[in-house]
Structures are given as structure tokens and as C-alpha cells.
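# A look at the structure
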Amino acid sequence: MSDRLRLFALKQATPGHTGIGLWRNPRSQAHRYGDLDYAIELARQLEDGGFDGVFFADAPGVLDVYQGRVDPALRDGLGTPAADPIPIVAAMAAVTTRLDLAVTMSTSYVQPYALARTMGTLDRLSGGRIGWNIVTSALDSGARNLGLGALPAHDVRYDIAEEFMEAVYGVWESSWDEDAVVRDTHSGVYVDPARVRPVAHAGRAFRIPDVGPVEPSPQRTPVLFQAGSSERGLRFAGRHAEGVFLSAHDPALVARQVQRGRKALTEAGRSPTDAVFLANATFVVAPTDAEAARTYREEYLAYASHEGALARYSALLGIDLSQLDPDEPLKAEAANGGVPAIQGIVDVFTRLDPECVWTPRAIGEFVAIGGGGPVIVGSPGTVADRIEEWTHLAGVDGFNVADPLPGVTLTAVCAHLIPELRRRGLVSTPDPGFGTFRERLSGRRGARLRAPHPAAVARGAHPMASSSG
Ligand SMILES: Cc1cc2nc3c(=O)[nH]c(=O)nc-3n(C[C@H](O)[C@H](O)[C@H](O)COP(=O)(O)O)c2cc1C
């Protein structure tokens, strides 16, 4: 693994994601989240500006935990309206050649056959530049509106996800031999039937009895990302992930998560460096420290919607924070007042900043910008210093760079910060010989996953499926 920092832009195709309420800033481009010209403009900007790729979060369903209604989320365009990121990354692929594209899909909402077809299509379309952020999803409303009733419990969702992976590896890795498409006009054979085989997956949750729908794409299996931090989530990441997304305000907390993640990889029989760890961060950069501080105050904080932030955070936690007095410091004893898991919130926020008295209002102010990662404000030199410090303390391989003020935040990162990071040798252009996302991310040659990863094991079960690549 090379030690250059990986930089991904963190996006969600919705007006309010990591900058809640900032859509009201007249300079914001948040309303263009689903427009083709915006997708094209952004893709070109990120590629030319030196980003490795873009990561699209996605969570179908409405955010209706806060006050038990969807109104506060709708008022700030939080998660609704939201465009489907799949066609957006297809458009981005069309106007770029090197930008890698990671997109979120849930193992709880779709069938593995359908997901494998979509991802296989995108991987081919993009020439091997697709990654999949595997989520098990937590919004009941997503399940409800997709006709599934209530979501299964947390650990059951991970059990289902394990089976899901087995099924998609069957489609991507073992159903088709590398040379199954012969396109022989003389014999009139497009696909040699002897070189394909049924997926023959018959599990508790899914069945794929027939041949997989897509022929091998450049990477076969897309680059696999995951973001769970529970024990079960970590075990899943240890087995499958090539990239792990982390989110915490404090580098020591992130460092602990990285250590746990590397241990999970080892426990799954993989190398601790078989996955890269990427932390969420927001960089508000301007030519001088004073200008950056003013921009942050006047262009970001002045527009933040604290109620919107509480609506988003309530949905993430599954706890209605409106039930609490906005100015009452959170105490563990509140757990006895009928609000479940409050101890968890208190723990998270106390660790974030032990000096601060956390009230629901303070949480709203804190999470409105940046989505829970650090917000680093300053000149390119100041921000680069903090990035060096953070990388060292947290032990991460790179960052998911939030875009709280679309049209402004990432434009400044491209214009001011990346040139400074490049000057310091912290980022560099990946080896031009690396043609795929997997190679660029891992810093190693080879577009396909290798043993002992379970995808490679699935392919190895049929030697002809692994005859090249
Ligand atoms: C940086 C980051 C990005 C995430 N992106 C998504 C997402 O796009 N969609 C989603 O449903 N969940 C997303 N999640 C939630 C995780 O997939 C996961 O469900 C959550 O961290 C809880 O997992 P755990 O119970 O294993 O800790 C994200 C989490 C983090 C930390």
C-alpha cells in the first residue's frame, strides 16, 4: 500500500446532507443535486482538482424520528427529496477517465441478483471504476416504502448481508468463466454455454437458481466499502471491506476504530493493510486564516439549521431528540426517563469533547456542519498542517471530504488545498499503469480481488473463472 493520502468527495444527492440549512446561502448549489449539468461539472472539477474519487451516501426513506414527523426534514430538504445516485455516477463516469466512483446500496432493500446486475453494468460502463458502499440500512421508512414491512433487527440484518455477499460473489465471480463470451460468428456462438454455470444460490433469504445476468466486468466485484462500527459491523468489514469509512470528531477516537478495524481484518485471515481507512472531514479553506474564519462564520454557521440537524441526528440514532429539553444538559439518568439509548449519546458526545456541556441544542449546532467529522478552517498551510497531524494521530489512509456548501467548499479544496497537499508530497497522482479503482486504492496491481478474500475464493471454486485478471 502506498502512503499517499486518498481523497474522496463525500456527497449525497439531496439538498441537505453535511451542511444542514446551508441551502439558504445564495451561493449554494445544493438545489442542483439531481441535475445532469451539475453532475458533469462536479465530476470534471473533482478529477481535474486531484480527488481520487467521489463517494455517494444514500438512504432511501424519510427522516421521521424527530417529533415523530417528516416535516422538519422536509423543511430543510434532508434526505427527501433525494435522487438515485446510480444514474448520477453513470453520468460522472461518462465525462471522466480516472475519477473513481463509490456508491451506496443496501443489502436490506434489494435482491442480490438486481444489485449484482446494476453494479456489474456500472463497472463495465466506467471501465472498472466502481465501488460499492455496503450498508444494511437503519430507516424503517425505507423498508416500509419498499414494501418490506419493518426492518429486521440489527444483527439479523448483518446475517442477511453475509448471505447477500455469498450470492453476489456467485454472480460476479463464479458464474462466468473469463472467456465465456466467444462471439464466434462462424459457429454462431455468442456465449459458450459450457463456460457459464448457474449461480445456484439457495439460502435462507435469497435464491439465485440460474446463470448470473452480467458477463465479467473489469473488476468483477466492485471495490467493497463498509462503515459499520458495531462488533457485528466490524466483523463484516473484516471479511469483506477493502475500504472502511469512519466518522468521529476526535483523531484518538478514529485511531481506536482503525485499530479495531485492522484487528477485524486479521481475524478474518486477511492482512491488516488489506483495507484502507478513510475519515470524514470538512475543510473550509481560503487564501488566509482570517478569510477562512470569516467565510466559516458568515457563509456556513450563519445559515446552519439546528432543528434540521437534530432531525437528521435523531434519524441516525433512532432516538427522538425533540423529547428532551433543548437546553438541559444530557445526563445518563435520562435513560430512566423513557428515552432509550440516551447513555449512548451521552457517551459519544462526552468523548468528543469532555469539556463541553452537551445539550440537544449544542448537538444540533455541532452536527449541522460536517456530519460528525472534524471541521478544519484556515489557510491552505494551516489546514494542511492539521491534516498531517490528524493523519498521524488517527492512522488513516485518507479522507472523505464533506461538501456542506456545494459549489463553494469543494471548489476551494480543489483550488487552494490540494495544490498545497501535493507540494508537501501528501497526495500524488496514482500510478498511470493502474487502470482500475481497486488498483489505485490498494496501490497494488491486479483488478480482481485475491485470496483469501471470499470473492476470490468463490472464483477459485471454478478454476476457469479465474484463468486471467
Ligand atoms: C462515514 C459513514 C457513511 C455512511 N453512509 C451511509 C449511507 O450512505 N447509507 C446508510 O444507510 N448508512 C450509512 N452509514 C451507516 C453505516 O452503514 C452503518 O449502518 C452504521 O454506521 C451503523 O453500523 P453498525 O451498527 O455496524 O455500527 C454510514 C456511516 C458512516 C460512519
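Owing to the predicted nature of the structure, the values given are computational and were not obtained by experimental measurement. (Residues numbered from 1 in each chain as written. Predicted model: local features only at pLDDT ≥ 70, side-chain atom pairs only at ≥ 80, totals over all residues. Heavy atoms only, no water.)

The side chains of a regular strand alternate between both faces of the sheet. Most of strand E11 (residues 276-285) sits inside the fold, with 10 of its 10 residues counted as buried. Here E11 shows a buried face lined by Val 276, Leu 278, Asn 280, Thr 282 and Val 284 and a second buried face lined by Phe 277, Ala 279, Ala 281, Phe 283 and Val 285. As paired strands, strand E10 (residues 243-246) and E11 are joined by 4 bridges and run parallel to one another. Among the inter-strand pairings, Leu 246 is bridged to a residue of E11, identified as Ala 279. Assessed by its sense of winding, the connection that carries the chain from E10 through helix H8 (residues 251-267) to E11 is right-handed. (Buried < 20%, exposed > 50% of the residue type's maximum accessible area, 1.4 Å probe, protein only. Helix = DSSP H or I, 4+ residues; strand = E, 2+ residues; numbered from the N terminus. Pairing = 2+ DSSP bridges. Right-handed = clockwise from strand over helix to strand, strands pointing away.)

The subject of this paragraph is the nonpolar core. By size, the foremost hydrophobic cluster in this structure holds 78 residues, and its most contacted members are Phe 51, Trp 132, Trp 172, Phe 283 and Phe 399. A per-element tally of this core places helix H6 (residues 154-174) first, with 9 residues. Ignoring sequence-local partners within four residues, the contact set of Phe 399 consists of Leu 5, Arg 6, Leu 7, Phe 8, Leu 278, Ala 279, Ala 281, Phe 283, Ile 387, Trp 390 and Thr 391. Formed by 30 residues, the second largest nonpolar core is a distinct cluster that contains Tyr 109, Leu 151, Leu 310 and Leu 321. (Core = buried A, V, L, I, M, F, W, Y, C linked by side-chain atoms within 4.5 Å. Contact = heavy atoms within 4.5 Å.)

Omega for the bond connecting Thr 80 with Pro 81 falls within 30 degrees of zero, at 5 degrees, which places this linkage in the cis form. Examined against the element boundaries, Pro 81 turns out to sit in the loop between helix H2 (71-75) and helix H3 (85-94). Of the consecutive residues Ala 451 and Pro 452, the connecting peptide bond is found in the cis state with omega at 10 degrees. Tracing the backbone shows Pro 452 in the loop between helix H15 (437-442) and helix H16 (454-460). Notably, Ser 137 is not glycine yet its phi reads approximately 70 degrees, a positive angle. Phi is positive for Arg 220, which is not a glycine, with a value near 55 degrees. Note that Arg 220 resides in the loop between strand E8 (207-208) and strand E9 (223-226).

Extensive coverage of H3 is indicated by the burial of 7 of its 10 residues. When H3 is considered as a whole, its buried residues turn out to be Pro 85, Ile 86, Ile 88, Val 89, Ala 91, Met 92 and Ala 93. The N-terminus of H3 is capped by Asp 84, whose side-chain oxygen sits 2.9 Å from the backbone nitrogen of Ile 86. (Polar contact = N/O pair within 3.5 Å; in protein donor to acceptor, adjacent residues only side chain to side chain.)

With that out of the way, let us pick up the packing of aromatic side chains. Throughout the structure, instances matching the rule amount to 12 aromatic pairs. Ring geometry for Tyr 296 versus Tyr 300: centroids 5.8 Å apart, planes at 50 degrees, classification tilted. Of this pair, Tyr 296 and Tyr 300 both sit in helix H9 (residues 289-300), 4 residues apart, which is roughly one turn of the helix. Counting every residue linked through ring pairs, the aromatic cluster contains Phe 8, Phe 55, Phe 225, Phe 245 and Phe 437. (Phe/Tyr/Trp six-rings, centres within 6.5 Å; stacked < 30°, edge-to-face > 60°.)

With that settled, the discussion passes to the site of the ligand. Close contacts around the ligand come from 15 residues, with Asp 58, His 154, Tyr 158, Ser 229 and Ser 230 the closest. Thr 104 has a polar side-chain atom sitting 3.4 Å from an oxygen atom of the ligand. In this structure, an oxygen atom belonging to the ligand sits 2.6 Å away from a side-chain N or O atom of Ser 230. For the shell around the ligand, the secondary-structure elements that each account for two or more residues are strand E4 (130-135) and H6. Among the residues making up the shell around the ligand, the classes are represented as 5 nonpolar, 9 polar and 1 charged. (Near = heavy atom within 4 Å. Nonpolar A, V, L, I, M, F, W, Y, C, P; charged D, E, K, R; others polar.)

As a further point, take the confidence of the model for the protein. Low pLDDT means the predicted atomic positions in that stretch should not be read closely. Taken over all residues, the pLDDT of the protein has a mean of 92, while the share at 70 or more is 93%. Every residue in residues 333-341 is under pLDDT 50, and counting partners more than four places away or in other chains gives 8 contacts. (pLDDT = per-residue confidence, 0-100.)

Counted according to the given criterion, the structure contains 32 salt bridges. Between Asp 52 and Arg 4 there is a salt bridge, and its shortest N-O distance comes to 2.8 Å. Here Asp 52 is found in the loop between helix H1 (36-49) and strand E2 (53-57), whereas its partner Arg 4 is found in the segment before strand E1 (6-12), with 48 residues between them in sequence. A salt bridge links Asp 179 to Arg 195; its shortest N-O distance comes to 3.4 Å. One end of the pair, Asp 179, is in the loop between H6 and strand E5 (181-184); the other, Arg 195, is in the loop between strand E6 (189-191) and strand E7 (201-202), and 16 residues separate them in sequence. (Salt bridge = Lys/Arg side-chain N within 4 Å of Asp/Glu carboxyl O.)

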